[in-house]
Every structure is written in structure tokens, then in C-alpha cells.
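Working through the structure, step by step
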Amino acid sequence: MTDAEFLSAFERCELPASEFRHSDHVRAAYLYLRELEFAQALDRLRSAIRRFATHAGQPEKYHETVTVAYLALIEQHRAERGDGGGWSGFQRENPELFEKDLLLRFYSKAQLESDLARRVFLLPTPESAR
């Protein structure tokens, strides 16, 4: 599936929710950042994930802190390392973005699991940093 087909299917909620994994979230974020400025990419990603979660019957799955933090990390990686020449290259050159507990390097588990972190973007607190 091409990048354009992937984003279109994601935005139209045509991808199977059971098969939409973390790497797919990262791919969508990366593709938005290739096209748009950070704030615009965030708006579009936020809307698409919320719509997708609602369509899947799980609107509570949306997590604002995780969404913003990952988008910022992806943007930082692109700025520091380049965009990999496309999704395959970026994915290959940035394996840490696919680590399950990446955000625990910056946030405590309690902070990430809080209701507040789901609703609004939280900066990591000093006690969260490891």
C-alpha cells in the first residue's frame, strides 16, 4: 500500500482496527510531518486518531500526551537524521521509535497512565525523567 493509500484508508477508517499497530501510528505521523508544519500535522493526526478510535468503538483509547510526544519525537528525529528518503528508510534508521516503552524514558508510568495525560498534553516532570 502506498503512503497516499495508507493515509487515505486511515483517515476514512478503512483499515482494520485489530491490525492497526503502533508502527502504523508512527507512519501516519511521519507522513503528516512530511507534508505539513508541526501544528498542522498535529491537528490532522489528532483528528484522524480520534475518528479512528471512535469508529472502532473505543474513543477512550485516544491519548493526547502520547500523540503529541510521539509526533515531537518523530519531528526531532527527522530534523536530526533526515527523513530517510521515505517511510521505509525512516523506519529502518529510527528503530527506537518502535520500542514499546520509549516514552517511559521521559515519563513515569503513573504520569502516562493518568486521566490528565489522556486529556491534555503533559510535559515530563523532573521526577519522571530517568
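Residues numbered from 1 in each chain as written. Predicted model: local features only at pLDDT ≥ 70, side-chain atom pairs only at ≥ 80, totals over all residues. Heavy atoms only, no water.

Quick look at the packing of aromatic side chains now. On inspection of all chains with the given rule, the structure shows nine aromatic pairs. Each ring, one from tyrosine 30 and one from tryptophan 87, has its centre 5.6 Å from the other, and the planes form 50°; the classification is tilted. Pair noted here: tyrosine 30 is in helix α2 (residues 22-35) and tryptophan 87 is in helix α5 (residues 87-93), with a separation of 57 residues, a long-range link. No difference in accessibility class separates tyrosine 30 from tryptophan 87, as the two residues are buried. On the numbers, 6.0 Å between centres and 70° between planes, the contact of tryptophan 87 with phenylalanine 98 is edge-to-face. Of this pair, tryptophan 87 sits in helix α5 while phenylalanine 98 is found in the loop between α5 and α6 (109-112), placing the two residues 11 residues apart along the sequence. Residue phenylalanine 98 is classed as partly exposed on the basis of its relative accessible area, which comes to 24%. Site record: aromatic cluster; members linked through ring pairs are Phe6, Phe10, Phe20 and Phe52. The lysine or arginine in question, arginine 27, covers the ring of phenylalanine 6, its NZ or CZ lying 4.3 Å from the ring centre. When the ring centre of tyrosine 62 is taken as reference, the NZ or CZ atom of arginine 50 above it lies at 4.4 Å. (Phe/Tyr/Trp six-rings, centres within 6.5 Å; stacked < 30°, edge-to-face > 60°. Helix = DSSP H or I, 4+ residues; strand = E, 2+ residues; numbered from the N terminus. Buried < 20%, exposed > 50% of the residue type's maximum accessible area, 1.4 Å probe, protein only. Lys NZ or Arg CZ within 6 Å of the ring centre and 35° of its normal.)

What follows concerns the pattern of salt bridges. The full count for this structure, using the stated rule, is 12 salt bridges. Among the ionic pairs, arginine 27 bridges to aspartate 3, the shortest N-O distance being 2.8 Å. Of the two residues, arginine 27 sits in helix α2 while aspartate 3 sits in helix α1 (residues 3-11), which places them 24 residues apart along the sequence. Here glutamate 11 ties to arginine 44 by a salt bridge, and the two come within 2.8 Å at their closest N and O atoms. Separated by 33 residues along the polypeptide, glutamate 11 in helix α1 and arginine 44 in helix α3 (residues 38-55) bring together distant segments of the chain. On the basis of relative accessible area, arginine 44 is assigned to the partly exposed category, the value being 31%. (Salt bridge = Lys/Arg side-chain N within 4 Å of Asp/Glu carboxyl O.)

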